[in-house]
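# Close look at the chain arrangement
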Amino acid sequence: MSDIDRRDFIRTTTLTGVGLALGSKEALAGRPGRDHAAASAVAQETELFRAPPLETVRVGFVGVGHQGSSHVTNFLHIDGVEITAICDISPERVAAAQKQVTDAGRPLPAAYDRGPFDYVRLCESDDVDLVFTATPWRFHAPVCVTAMEHGKHAATEVPMAVTIDELWQMVETAERTRRHCVMMENCCYDRTEMMILNMVRQNIFGELLHAECGYLHDLRELKLTDFYEGRWRVEHSIHRNGDLYPTHGLGPVAQWLDVNRGNQFEYVVSMASPGRGLNRWAAEHVGPDSVEARQRYALGDVVNTLLRTRRGQTILLTHDTNSPRPYSRRILLQGTHGLVRKYPDERIHIEGRSAAHRWEELRTYRDEFDHPIWRALEEQSRGAGHGGMDFIEDYRLVQCLRKGDPMDMDVYDGAAWSAISELSELSIAQRSAPQDVPDFTRGAWRTRPRLGIVETG
Ligand SMILES: NC(=O)c1ccc[n+]([C@@H]2O[C@H](COP(=O)([O-])OP(=O)(O)OC[C@H]3O[C@@H](n4cnc5c(N)ncnc54)[C@H](O)[C@@H]3O)[C@@H](O)[C@H]2O)c1
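Note that the structure is a prediction, hence the values are computed from the model and not measured.

Conventions and cut-offs
Counting from 1, residues in each chain are numbered in the order their sequence is written. Since the coordinates come from a predicted model, pLDDT governs what is reported: local features require at least 70, and pairs of side-chain atoms require 80 or more to be given and counted, while whole-chain, interface and lining totals use all residues. Working definition: helices are DSSP H or I runs of at least four residues, strands are E runs of at least two. Numbering for both runs from the N terminus. Throughout, a residue-residue contact means that the two C-beta atoms, derived from backbone geometry, are no farther apart than 7 Å. Angles here are taken between N-to-C directions and fall from 0 to 180 degrees, while the axes themselves are lines fitted to C-alpha atoms, restricted in helices to the stretch in contact. Relative orientations are named as follows: roughly parallel for angles under 35 degrees, roughly antiparallel for angles over 145 degrees, roughly perpendicular for angles from 65 to 115 degrees, and oblique for any other angle. Left-handed describes a crossing whose near helix is turned anticlockwise from the far helix by less than a right angle; the clockwise case is right-handed. Each residue receives one of three labels: charged for Asp, Glu, Lys and Arg, nonpolar for Ala, Val, Leu, Ile, Met, Phe, Trp, Tyr, Cys and Pro, and polar for the others, Gly being one of them. A pair of strands is treated as paired once DSSP finds two or more bridges between them. Buried means a residue has 20 or more other C-beta atoms within 10 Å of its own C-beta, exposed means 12 or fewer, and partly exposed covers the counts in between; C-beta atoms are placed from the backbone. The arc in question is the one spanned by the directions pointing from the helix axis to the C-beta atoms. Residues are classed as near a molecule or strand if the C-beta position derived from their backbone is within 6 Å of it. Any nonpolar core is a set of buried residues, restricted to Ala, Val, Leu, Ile, Met, Phe, Trp, Tyr and Cys, that join up through C-beta atoms within 7 Å. An automatic or database domain assignment provides the domain bounds reported here. The span expected for a helix works out to 1.5 Å for each residue beyond the first.

If you tally the helices and strands in the protein chain, you get 16 helices and 15 strands. A separation of at least 24 residues holds for 76% of the contacts in the protein chain among residues at least 6 apart in sequence.

Dropping the structure here:
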């Protein structure tokens, strides 16, 4: 495919989705209005889902651009892994990822570079146990569903999918095929977020009342240049007005608040500001008469969403990828006994420990509350993507598959966290009308065990 062909292809698939690529009526199941309660008993089981342990995890990667190739590097440093297949629409990227593997002294992985649906052949292969996709968002659901239909476990970059319809397909396919489908939310493995989880489990903040989080990252240049293959990312800004990328902030917060494990997101309301950033940046950097400057973008620059949980807690979630600003996930967690915050600095105040009305530096709590997995993997994760957290998440995925353990984040978590995107779009389109969050667990959230403080070994 030429660059122009690829861009046209991305444009079409962003608008229409790629559901038909799944090739079966079955794969298109899960539409709203179906009786999901009757779909499967897996969600109702009292134990979290476990798959039989794998001695070696044979991985096939689909999409080896910026993030996919970084995962390839991580997997080359984890014991018990073989990278057996690489798929991308760009043959050059397939070759580069193959070279990453052979340069590490490992056997050459098979190449799948015959176009946008060649991942189907990879999923059919007998040499793969886990299909890991880091493709543009519209491909996450088709790749994962196809992988599971062929008996493979699936892992996908964030968000798990774009629409609630796709999320139901993924939940139902995981249940029917008894395969894992994991959304790889690396921010759940950030050292500070994991330390906060450890503190929450030790009841340092008391009863949790309110959280704030988000994804505030100036992506104007990346969206409006050729950084992303075929400029896939800006297509979402052109056509959608909502929180396009909710899970980096929401994932850790959901774990602190036991969402899907004793608690649930109940409903959301959203509002969007005017959208100015992309036009302004394009006029200045591409030219006032450029296509990019004259384009109409649906996305508001600042999108705020309020979520309410079944326990009555509130979460303020912000999405801003079009403004000049330093990176932030704007973390705040308030409990009855105190609060913690992150971005731009990390501060804490705990009643009885901190001086009244004063912040303390969070790092002074590190020795007491650092998460054990970070203590154990600090050296190994040094230099890996996003401050090392990407290595820890990949390590945990492999560890769970090799031990036959439940995932830290399972298909229900990925679905609940990702569903906020379409719900925010619907709320904004209806003058901030509240939108109920689907219960992908069909009631099992009441008894599913909370995420513990996992260790290595
Ligand atoms: N967790 C994080 O911190 C983080 C960071 C960056 C990106 N991501 C996610 O990773 C994913 C990829 O983002 P990126 O920045 O690497 O984008 P990218 O454009 O650099 O990479 C996407 C790759 O997918 C390939 N591709 C596109 N369609 C394909 C298809 N049908 N079959 C096979 N390959 C296909 C492209 O050729 C490209 O190599 C996105 O879901 C993004 O949200 C996550």
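All right, on to the packing of helix 2 (residues 66-76) against helix 15 (residues 389-403) then. Two elements in contact, helix 2 and helix 15, have axes separated by 9 Å at closest approach and are oriented at 60°. As far as their axial angle goes, helix 15 and helix 2 are oblique. Here helix 2 and helix 15 pass one another in a crossing that is right-handed. When helix 2 is examined against helix 15, the residues Ser-70, His-71, Asn-74 and Phe-75 are found in contact with a partner set consisting of Asp-390, Phe-391 and Asp-394. Of the residues belonging to the contact of helix 2 with helix 15, the class tally is two nonpolar, three polar and two charged.

This paragraph deals with the sheet that holds strand 6 (residues 181-183). Spatial ordering of the open sheet is given by 3-2-1-4-5-6, a layout of six strands whose pairing is parallel. Strands with a single pairing partner mark the edges of an open sheet, and in this sheet they are strand 3 (110-112) and strand 6. Each strand axis lies, on average, 25° off the axis of its neighbour in the sheet, ignoring direction. Note: strand 4 (residues 130-133) against strand 5 (residues 153-156), four bridges, orientation parallel. Bridging from a neighbouring strand, Val-131 pairs with Ala-154 of strand 5. Lying over the sheet, helix 15 contacts strand 1 (57-62), strand 2 (81-87), strand 4, strand 5 and strand 6, oriented at roughly 140° with respect to strand 1.

Here we come to helix 14 (residues 372-381). Of the positions making up helix 14, those classed as buried are Ile-373, Trp-374 and Ser-381. Angular distribution of buried residues about the axis of helix 14 spans 80°; they occupy a single face of the element. Facing away from the buried side of helix 14, by more than 90 degrees, are the exposed residues Arg-375 and Glu-379. Turning to helix 14, the residues buried within the fold contact helix 7 (191-201) and helix 15. One or two steps after helix 14, the chain reaches Gly-383, where phi turns positive at roughly 90°.

Looking at the ligand, there are 25 residues lining it, with Gly-63, Gly-65, Gln-67, Glu-157 and Glu-229 nearest. Here the shell around the ligand is composed, by residue class, of 12 nonpolar, nine polar and four charged.

Let us look at the environment of Arg-442. In this fold, Arg-442 is placed in the segment after strand 15 (435-436). Spatially, the C-alpha atoms of Arg-442 and Tyr-412 are 10.0 Å apart, while their sequence positions differ by 30 residues.

As a further point, take the nonpolar core. Nonpolar side chains in soluble globular proteins generally cluster together in the buried interior. Formed by 98 residues in total, the largest nonpolar core has its most connected members in Phe-61, Val-131, Leu-167, Met-170 and Ala-415. Here this core gathers at least three residues from each of two domains, domain 1 (3-185) and domain 2 (188-372 + 409-446). Contact partners of Ala-415, with chain neighbours within four places excluded, come to Met-160, Leu-167, Met-170, Val-171 and Phe-440. Grouped together as the second largest cluster of nonpolar side chains are 11 residues, Tyr-215, Tyr-245, Ala-282 and Leu-299 included.

The next subject is unusual backbone geometry. Cis peptide bonds are those with omega within 30 degrees of zero, and the linkage from Val-158 to Pro-159 qualifies with -15°. With an omega of 0°, the peptide bond between Tyr-343 and Pro-344 qualifies as cis. If you trace the backbone, Pro-344 turns up in the loop between strand 12 (338-342) and strand 13 (347-350). Positive phi, close to 75°, is recorded for Asn-260, a residue that is not glycine. Tracing the sequence through the fold places Asn-260 in the loop between helix 10 (247-256) and strand 8 (265-272). Residue classification places Asn-260 among the buried residues on the basis of 26 C-beta atoms within 10 Å. We note that Arg-442 has phi near 45°; this positive angle belongs to a residue other than glycine.

A few words now on the environment of Leu-333. The topology assignment puts Leu-333 in strand 11 (residues 331-335). A tally of 26 C-beta atoms within 10 Å means that Leu-333 is categorised as buried. Leaving out residues up to four positions away in the same chain, Leu-333 has contacts with Ile-196, Phe-205, Leu-208, Ala-211, Trp-256, Leu-339 and Val-340.

Right, let's talk about the sheet that holds strand 15 for a bit. Spatially, the nine strands line up as an open sheet ordered 14-13-12-11-7-10-9-8-15, and their pairing is mixed. Because the sheet does not close on itself, it has two edges, and the strands there are strand 14 (360-361) and strand 15. Looking at chain direction, strand 8 and strand 15 are connected through two bridges and run antiparallel. Pairing of Tyr-267 across the sheet is with Asp-436, part of strand 15. Packed onto the sheet, helix 10 meets strand 7 (208-216), strand 10 (314-320) and strand 11 and runs at close to 160° relative to strand 7.

Side chains of strand 11 alternate between two faces, with Ile-331, Leu-333 and Gly-335 buried and Leu-332 and Gln-334 left unburied. Counting the residues in the hairpin turn of strand 11 and strand 12 gives two residues.

So, on to the packing of helix 5 (residues 140-149) against helix 6 (residues 164-177). Any two packed helices are characterised by how steeply their axes cross, that is the angle between the axes, and by the distance between the axes. Look at helix 5 against helix 6: their axes get within 9 Å of each other, and the N-to-C directions meet at 15°. Overall, the two elements helix 5 and helix 6 adopt an arrangement that is roughly parallel. Of the two possible hands of crossing, helix 5 and helix 6 adopt the one that is left-handed. Side by side, helix 5 and helix 6 meet where Ala-141, Cys-144, Val-145, Met-148 and Glu-149 of the first sit next to Glu-166, Gln-169, Met-170, Thr-173, Ala-174 and Thr-177 of the second. For the contact of helix 5 with helix 6, the per-class residue count stands at six nonpolar, three polar and two charged.

Between the first and last C-alpha of helix 3 (residues 91-103) there are 18 Å, a value that for 13 residues agrees with the 18 Å anticipated at 1.5 Å per step. Among all positions in helix 3, only Val-94, Ala-97, Gln-98 and Val-101 are buried. The arc that holds every buried residue of helix 3, seen down its axis, measures 105°, which confines them to one face. Facing away from the buried surface of helix 3 by more than 90 degrees, the exposed residues are Glu-92, Lys-99 and Asp-103. Residues of helix 3 that are buried sit in contact with strand 1, helix 2, strand 2 and strand 3. Positive backbone phi, approximately 80°, marks Gly-105, located one or two places after helix 3.

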